[in-house]
Amino acid sequence: MADMSVNEPLRKSPRIGPNAILQLEEPLDRMLGQGALAQILKITRVAMPSGKEMVPQEDVGRVHHTMWRLFPEQAGTLSDRAGVGTARYIAANRIPKAARVMLRILPRVWAERMLTKAISDHAWTFCGSGALDTRRENGEIDFLLRENPLADKVTQPPHRCIWHAAVFAELFSLVLGRPYYCKEVSCCALGAELCHFVVSRDRPTGHFKGLQL
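Just so you know, these numbers come straight off a predicted model, no measurement behind them.

Draft legend 1. Expanded view of empty space enclosed by the protein. Taken as a whole, this structure holds 1 cavity of 30 Å³ or more when the rule is applied. Each pocket or cavity is described by its volume, and for the largest cavity that value is around 100 Å³. Along the walls of the largest cavity sit His64, His65, Trp68, Ser79, Leu150, His159, Arg160, Cys161, Ile162, Trp163 and His164, which together make up its complete lining. Contributions of two or more residues to the lining of the largest cavity are made by α4 (57-70) and α9 (162-176).

Quick look at the structure:
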């Protein structure tokens, strides 16, 4: 998921919110040294986003995929931290305080449905040319993302969409004030028809908050 800072999607080309790139900077600097993101941007010939405009989905994909190729051992953690950062930015800057308070006092089912709808309504900010469907079954929220533009079908070995899973888990946790977890049960990058994320209150066995590999 990306920054919901633009009121309407830009129709001229598929685009994604700038935080999909901007939130990589802090974990990259902390884990790999100052200027790591600048190095990736130079290699991919992508300009640093201003934070005020949407970014072509191809640029976002190149940055993320190049990070995985350059730093395969750290990329999973980097993607998770960037996803968490994106969710925190959205919760703090794009969801009104009154709405956050209301969602925390509503019954859990109602709050989950309202937040799921809000995410679905802004899906263009992280789906780009992809298409998102949602459903709720047995206390779990499913996000079904077809033609995920960030799914990396190039890098070997392929990897799951950790950034998306981290955004979903952290956004639900922060906004609803309860711990939520997300696992990706199928992925376009691994040959599946779609990327299927499952958000729930149940911690994946033996794994950390975010993505179950």
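Draft legend 2. Representation of the side chain of Ser200. Residue position: Ser200 is located in strand β6 (residues 194-200). By relative accessible area, which is 8% here, Ser200 ends up buried. Of note is the side chain of Ser200, whose polar atom sits 3.2 Å from the backbone nitrogen of Asp202. Contacts of Ser200, omitting those with residues within four sequence positions, involve Gly139, Glu140, Tyr180 and Tyr181.

Draft legend 3. Structural view of the environment of Pro18. Topologically, Pro18 is positioned in the loop between β1 (15-16) and α1 (19-22). Taking the C-alpha atoms as reference points, Pro18 and Lys52, separated by 34 residues in sequence, lie 7.6 Å from one another.

Draft legend 4. Main features of the nonpolar core. Counting 56 residues, the largest nonpolar core has Leu28, Met67, Phe143 and Phe172 as its most contacted members. The leading source of residues in this core is α9, at 10 residues. The residues contacting Phe143, other than those within four sequence positions of it, are Thr116, Ile119, Leu132, Asp133, Thr134, Phe168, Phe172, Cys195, His196, Phe197 and Val199.

Draft legend 5. Structural context of the sheet that holds strand β3 (residues 131-137). The strand order β3-β4-β6-β5 describes an open sheet built from 4 strands, whose pairing is antiparallel. Each end of this open sheet is capped by a strand with a single partner; those strands are β3 and β5 (181-186). Mean inter-strand twist for the sheet, computed between neighbouring axes without regard to direction, equals 20 degrees. In the packing of α9 onto the sheet, the strands contacted are β4 (140-146), β5 and β6, and the crossing angle to β6 comes to about 25 degrees.

Draft legend 6. Structural detail: the layout of surface pockets. A volume near 200 Å³ is recorded for the largest pocket. If you trace the largest pocket, you find 13 residues lining it, with Ile95, Ala99, Leu103, Leu115 and Ala118 closest to the centre. Its residues assigned to classes, the lining of the largest pocket shows 11 nonpolar, 1 polar and 1 charged.

Draft legend 7. Layout of the confidence of the model for the protein chain. Confidence in the prediction of the protein chain, expressed as mean pLDDT, is 89, and 90% of residues score 70 or more. The low-confidence segment residues 2-11, where pLDDT is below 50, has 31 contacts with residues more than four positions distant or belonging to other chains. Between residues 206-213, whose pLDDT stays under 50, and residues either more than four places distant or in other chains, the model counts 29 contacts.

What counts and how
- Counting restarts for each chain: residues are numbered from 1 in the order of the written sequence.
- With pLDDT at 70 or above as the cut-off, local features in this predicted model cover only qualifying residues; side-chain atom pairs require 80 or more to be listed or tallied, and sums for whole chains, interfaces and linings still use all residues.
- Side-chain metrics in this entry use all non-hydrogen atoms of the structure; hydrogen atoms and water are not considered.
- Cavities and pockets are found on a 1 Å grid laid over the protein atoms alone: a cavity is a set of points where a 1.4 Å probe fits but cannot escape, a pocket is an open set with protein on both sides within 12 Å along at least five of seven lines, and a lining residue has an atom within 4 Å of such a point.
- Grid points are joined across faces, edges and corners, and a volume is the space filled by probe spheres set on the points.
- Runs of H or I in DSSP of at least four residues are treated as helices and runs of E of at least two as strands, each being numbered from the N terminus.
- The rule is simple: take the accessible area with a 1.4 Å probe, protein chains only, and divide by the maximum for that residue type; under 20% is buried, over 50% is exposed, in between is partly exposed.
- Nitrogen and oxygen atoms within 3.5 Å of one another constitute a polar contact, given that in protein one can donate a hydrogen and the other can accept it, and given that sequence-neighbouring residues count only through two side-chain atoms.
- Residue contacts are defined here by distance: any two heavy atoms, one from each residue, within 4.5 Å place the two residues in contact.
- Put simply, a nonpolar core is a bunch of buried Ala, Val, Leu, Ile, Met, Phe, Trp, Tyr and Cys residues held in one set by side-chain atoms that sit within 4.5 Å of each other.
- Should DSSP find at least two bridges between two strands, the strands are regarded as paired.
- Orientation is described by lines fitted to C-alpha atoms, with helices fitted over the stretch in contact, and by angles between N-to-C directions that extend from 0 to 180 degrees.
- Lys, Arg, Asp and Glu make up the charged group, whereas Ala, Val, Leu, Ile, Met, Phe, Trp, Tyr, Cys and Pro make up the nonpolar group; the residues left over, Gly among them, are polar.
- A score from 0 to 100, pLDDT tells how confident the predictor is in each residue.

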